[in-house]
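The residues making up each chain are set out below.
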Amino acid sequence: MNLGRKFVLASINNRWYDDLGVEGWWNLDGPVAALHEVNPVRVAYFLDAIRQRVPAGSPRILEVGCATGNVAGIFRQSEYVGVDIDQDSIALAALRHPGRNYAFHCLDLLEDALPFEAGFDHVLISHTAHHLPDEYLLRLLERSSELLRPDGRLVVLDMLRPAPHEPLNRQFYYRLDRGRHFRTLNEFKTLFARTNALCDTSFEVVRTTKWGIRVIDQVLISGRPRRAAQ
Ligand SMILES: C[S@@+](CC[C@H](N)C(=O)[O-])C[C@H]1O[C@@H](n2cnc3c(N)ncnc32)[C@H](O)[C@@H]1O
């Protein structure tokens, strides 16, 4: 794998990434070609975690912050709706998943009227929390919970922040990511304790190993909308 200078620059400089845009990012021969060699491994980790816990046959799934549709492919048997603020990402997600059971919408979940019905079995927020500050994430959780069926589940999956003294194998993926709001398990628990929108919330740490070596820890948080419990 060529861990060249451009790749290293890209992993530490957010402005550089932003300037690259979706087309630059998805150019497999482009400046982040090396990252594309790493990314499928990372994506495989979170797809596994989701696959095992969100039934593929759930009738209706909403993914908030679906970006370019990395997760959508799991839900071929469901009615899947993906939303994201970023128009280029949504356009690419729609190209990658042309099936009739897929719908992608460019919108801000916190601000915009929704062009679809509520009442989802699962609302999924995957590997998005570490890009969002606490107050924003809380609003997103609250809005997402309103879109669930009474017996539906909100599922949040994210990487956990390793302690600074942990070895390189535990730092690798976390260091490559652009997120600025990584949280520890306790920080997630404290944050979720601040919202009344959810009940029966559970926190499961999903440990991931590669060649027997522990790499990333993810957390899978699952909760029901509180109004269903009242
Ligand atoms: C890191 S990406 C998500 C990656 C994707 N879920 C995956 O698992 O591969 C986070 C996405 O959340 C989107 N986002 C942030 N706030 C949002 C909002 N209020 N409404 C819709 N999308 C939002 C961003 O545009 C960004 O594409």
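All values derive from a computational prediction rather than experimental measurement.

**Let's talk about the overall build of the chain**
Then comes step 1: Broken down by element type, the chain carries 7 helices and 7 strands.
Then comes step 2: Secondary structure elements of the chain, listed N to C terminal, follow the sequence α-α-α-β-β-α-β-β-α-β-α-α-β-β.
Then comes step 3: Relative to its full complement of 230 residues, the chain shows a buried share of 31%.
Then comes step 4: Sequence-distant contacts, at least 24 apart, represent 63% of the contacts inside the chain between residues at least 6 apart.

**Here's the deal with the site of the ligand**
Then comes step 1: In the region of the ligand, 19 residues are neighbours, and Gly65, Ala67, Asn70, Leu109 and Ser126 sit closest.
Then comes step 2: For the shell around the ligand, the per-class residue count stands at 9 nonpolar, 7 polar and 3 charged.

**A short note on the pairing of strand β7 (residues 213-225)**
Then comes step 1: Of the strand pairs in this sheet, strand β5 (residues 148-159) and β7 are connected by 6 bridges, and their pairing is antiparallel. Within β7, the position partnered with methionine 159 by the bridge is glutamine 218.
Then comes step 2: Pairing of strand β6 (residues 198-210) with β7, which is carried by 10 bridges, proceeds in the antiparallel orientation. Its bridge partner being in β7, leucine 198 is matched across the sheet by proline 225.
Then comes step 3: Where β6 folds back onto β7 in an antiparallel hairpin, the turn is made up of 2 residues, including tryptophan 211, whose phi is positive at roughly 50 degrees.

**Digging into unusual backbone geometry**
Then comes step 1: Even without being glycine, alanine 67 reaches a positive phi, approximately 50 degrees.
Then comes step 2: Relative to the helices and strands, alanine 67 resides in the loop between β1 (60-64) and β2 (79-84).
Then comes step 3: Overall, alanine 67 belongs to the buried group, with 21 C-beta atoms counted inside 10 Å.
Then comes step 4: At histidine 127, a residue that is not glycine, the phi angle is positive and equals roughly 50 degrees.
Then comes step 5: With respect to the secondary-structure elements, histidine 127 resides in the loop between β4 (120-126) and α5 (134-146).

**Re the environment of alanine 72**
Then comes step 1: Inspection of the secondary structure puts alanine 72 in the loop between β1 and β2.
Then comes step 2: The spacing of alanine 72 and leucine 47 is 25 residues in sequence and 9.7 Å in space, taken between C-alpha atoms.
Then comes step 3: Aside from chain neighbours lying at most four places away, what touches alanine 72 is Glu63, Cys66, Tyr80, Gly82, Ala93, His97 and Tyr102.

**Describing the confidence of the model for the chain**
Then comes step 1: In the predicted model, the chain carries a mean pLDDT of 84, and the fraction of residues at 70 or more is 84%.
Then comes step 2: The least confident element of the chain, judged by mean pLDDT, is helix α1 (residues 5-12) at 39; the most confident is helix α7 (residues 185-193) at 98.
Then comes step 3: Low confidence marks residues 1-12, where pLDDT is under 50. Its contacts with residues over four positions away, or in another chain, come to 17 contacts.

**With respect to the sheet that holds β2**
Then comes step 1: Strand order in the open sheet formed by 7 strands is β3-β2-β1-β4-β5-β7-β6, and the pairing between neighbours is mixed. The open sheet terminates on both sides in strands that have one partner only, identified here as β3 (102-106) and β6. Sheet twist, expressed as the mean angle between neighbouring strand axes with direction ignored, is 20 degrees.
Then comes step 2: Of the strands in this sheet, β1, β4, β5, β6 and β7 touch α5, which is tilted by about 145 degrees from β5.
Then comes step 3: Its contacts with the sheet place helix α6 (residues 168-176) against β5 and β7, and it is angled at close to 55 degrees to β7.

**Quick notes on the pairing of β5**
Then comes step 1: Burial analysis of β5 places 9 of its 12 residues in the buried class, which makes it a mostly covered element.
Then comes step 2: The pairing of β4 with β5 spans 6 bridges and is classified as parallel. Bridging across to β5, isoleucine 125 finds its partner in valine 156.

**Some words on α5**
Then comes step 1: Between the first and last C-alpha of α5 there are 19 Å, a value that for 13 residues agrees with the 18 Å anticipated at 1.5 Å per step.
Then comes step 2: Those residues of α5 that are buried lie in contact with β1, β4, β5, α7, β6 and β7.

Parameters and conventions
Residues numbered from 1 in each chain as written. Predicted model: local features only at pLDDT ≥ 70, side-chain atom pairs only at ≥ 80, totals over all residues. Helix = DSSP H or I, 4+ residues; strand = E, 2+ residues; numbered from the N terminus. Buried ≥ 20, exposed ≤ 12 C-beta atoms within 10 Å, placed from the backbone. Contact = placed C-beta atoms within 7 Å. Near = placed C-beta within 6 Å. Nonpolar A, V, L, I, M, F, W, Y, C, P; charged D, E, K, R; others polar. Pairing = 2+ DSSP bridges. pLDDT = per-residue confidence, 0-100. Axes fitted to C-alpha atoms, helices over the stretch in contact; angles between N-to-C directions. Expected span 1.5 Å × (residues − 1).

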